[in-house]
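# Geometric and topological summary
The primary structure of each chain is shown beneath.
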Amino acid sequence: MSHKVSDIVAQPSRATEIRTVTSRSANDRARGRKYLTRDEVLKLAREARKNRYGARDSLMILMAYQHALRVSELVDLKWQQIDLDGSHQISIQRAKGSLDGTHPLQGDTVRALKRYQRECGRSHGYVFINERGGTVSIDGFRKMFHRLSESVMGIKWNPHALRHASGVHLINQGADLRTVQQYMGHANIQNTVAYTALTGRQFEKLTF
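Turning our eyes to something else, we now look at the packing of aromatic side chains. Throughout the structure, instances matching the rule amount to 3 aromatic pairs. When the ring of Tyr 116 is compared with that of Phe 128, the centres are 5.9 Å apart and the planes differ by 35 degrees; the resulting orientation is tilted. Pair noted here: Tyr 116 is in helix α6 (residues 107-120) and Phe 128 is in the loop between α6 and α7 (138-153), with a separation of 12 residues, a long-range link. This pair shows no difference in class: Tyr 116 is buried, exactly as Phe 128 is. Among the aromatic residues, ring-to-ring pairing joins Trp 79, Tyr 116 and Phe 128 into one connected group. Just above the ring of Tyr 35 sits the side chain of Arg 33; from NZ or CZ to the centre is 5.7 Å.

Moving on, we come to helix α3 (residues 38-48). Within the sequence span of α3, burial applies to Glu 40, Val 41, Leu 44, Ala 45 and Ala 48. Down the axis, α3 shows its buried residues gathered within 135 degrees of arc, on one side only. In this structure, the buried side of α3 is in contact with α4 (54-66), α7 and α8 (160-172).

Thresholds, definitions, all that
Residues numbered from 1 in each chain as written. Predicted model: local features only at pLDDT ≥ 70, side-chain atom pairs only at ≥ 80, totals over all residues. Heavy atoms only, no water. Phe/Tyr/Trp six-rings, centres within 6.5 Å; stacked < 30°, edge-to-face > 60°. Helix = DSSP H or I, 4+ residues; strand = E, 2+ residues; numbered from the N terminus. Buried < 20%, exposed > 50% of the residue type's maximum accessible area, 1.4 Å probe, protein only. Lys NZ or Arg CZ within 6 Å of the ring centre and 35° of its normal. Arc of directions from axis to C-beta. Contact = heavy atoms within 4.5 Å.

In structure tokens, the structure reads:
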């Protein structure tokens with residue numbers, strides 16, 4: 001049975017992710033919200049191409065957004081999880097406590113991944129590597145994203161805002177909560193419901 005945003009009312013919870021979505025820090029107040037819009041994500045991805053490792057950095061931003069990846073999940077991606085020639089799907093291996101899943105890859109993303117694969121000359125092991133051939137670290141990606149967002153948008157954004165952006169985008173597109181739950185890998189649907197606080201879609205039919 002599908003659940004629409006308006007069908008479920010969030011109950012108080014101490015779950016870490018719910019606190020992450022609904023709590024407000026000083027930086028959140030300065031930014032005005034906890035998530036990036038789709039246009040902002042795409043702009044950051046475009047600007048990232050100007051970096052020293054532009055193809056990699058841009059692709060990491062797009063993958064984090066399109067597949068609602070935490071930074072730890074992003075840097076742990078391996079080529080073996082990605083099917084570029086057959087189904088064009090990616091096997092998502094979530095962090096502990098969340099649910100794994102399989103996502104379709106967007107056509108532009110498939111082409112970008114193939115170009116990047118040719119450039120780095122690797123088809124096995126970690127997808128995103130640094131200049132020494134090791135995996136990009138969580139801290140390394142976070143610092144890059146801080147610098148990029150401050151340069152482009154005038155304020156630092158936490159890369160977890162890319163995951164928030166994905167959840168908000170899905171809800172704004174009208175996806176039912178069960179679909180969003182599965183896509184985000186939430187074990188508890190209340191984690192998904194928390195995202196409804198970041199969008200006004202559930203109130204669009206109200207008139208005054």
